[in-house]
Amino acid sequence: RSQSGSTEVRDALLNVLSQDPNAGVRLKALEGLKPLAGDSEVRNTLRRVLLTDENVAVRMLVIDLLVAHRDDNMVGMMQGLVQKENNNSVRLKLEKALRDMNASPGRF
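Residues numbered from 1 in each chain as written. Predicted model: local features only at pLDDT ≥ 70, side-chain atom pairs only at ≥ 80, totals over all residues. Heavy atoms only, no water.

A. Inspection of the packing of helix α3 (residues 40-52) against helix α5 (residues 73-84) at higher detail. Two elements in contact, α3 and α5, have axes whose closest approach is 11 Å; the angle formed by their N-to-C orientations is 10 degrees. Viewed along their axes, α3 and α5 adopt a mutual orientation that is roughly parallel. Where α3 abuts α5, its residues R43, R47, L50 and L51 lie against N73, M74, M77 and L81. Partitioning the contact of α3 with α5 into residue classes produces 5 nonpolar, 1 polar and 2 charged. (Axes fitted to C-alpha atoms, helices over the stretch in contact; angles between N-to-C directions. Helix = DSSP H or I, 4+ residues; strand = E, 2+ residues; numbered from the N terminus. Parallel < 35°, antiparallel > 145°, perpendicular 65-115°, else oblique. Contact = heavy atoms within 4.5 Å. Nonpolar A, V, L, I, M, F, W, Y, C, P; charged D, E, K, R; others polar.)

The structure is reproduced here in structure tokens:
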């Protein structure tokens, strides 16, 4: 975690987050990426993981990281995901994040 600022460590964490089959390992990678959540490459990977990861805990933590360093580019993606999300906890977290950003939970 203390080395997560180095490019090599960041890239290794992103690789683990994107490809490791173990959700616990992916959660640990997310913990290591917390200080880098403002980095554009990290944010792109977080968006992709939010859209594709099957583990609810992973998606919930990704939402937290994206919201902590929010930008307007994620609003449309989150609005679209709210409409498709099957898990109530994830959907409610997305809706709250959108309200906190003064955005509607639906697309218009």
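B. Looking closely at the nonpolar core. Counting residues in hydrophobic clusters, the biggest one holds 31 residues, and the most contacted among them are L30, L46, L50, V62, L66, M78 and L94. Every element with two or more residues in this core is listed here: α1 (7-19), α2 (23-33), α3, α4 (56-68), α5 and α6 (88-100). Discounting residues that sit within four places of it in the chain, L46 has contacts with L17, L30, V62, L65 and L66. (Core = buried A, V, L, I, M, F, W, Y, C linked by side-chain atoms within 4.5 Å. Buried < 20%, exposed > 50% of the residue type's maximum accessible area, 1.4 Å probe, protein only.)

C. Representation of the side chain of T45 in the model. By the secondary structure assignment, T45 is in helix α3. Setting aside anything within four residues of it in sequence, one finds T45 in contact with L14, L17 and S18.

D. Structural detail: the pattern of salt bridges. Enumeration over the complete set of coordinates arrives at 8 salt bridges. Two residues, E41 and R10, come together in a salt bridge whose shortest N-O distance is 3.0 Å. One end of the pair, E41, is in helix α3; the other, R10, is in helix α1, and 31 residues separate them in sequence. For E41, a relative accessible area of 39% gives the class partly exposed. Since its relative accessible area comes to 13%, R10 is described here as buried. Across the pair D53 and R26 runs a salt bridge, and its minimum N-O distance is 2.8 Å. With D53 in the loop between α3 and α4 and R26 in helix α2, the pair connects residues that are 27 residues apart, well separated along the chain. (Salt bridge = Lys/Arg side-chain N within 4 Å of Asp/Glu carboxyl O.)

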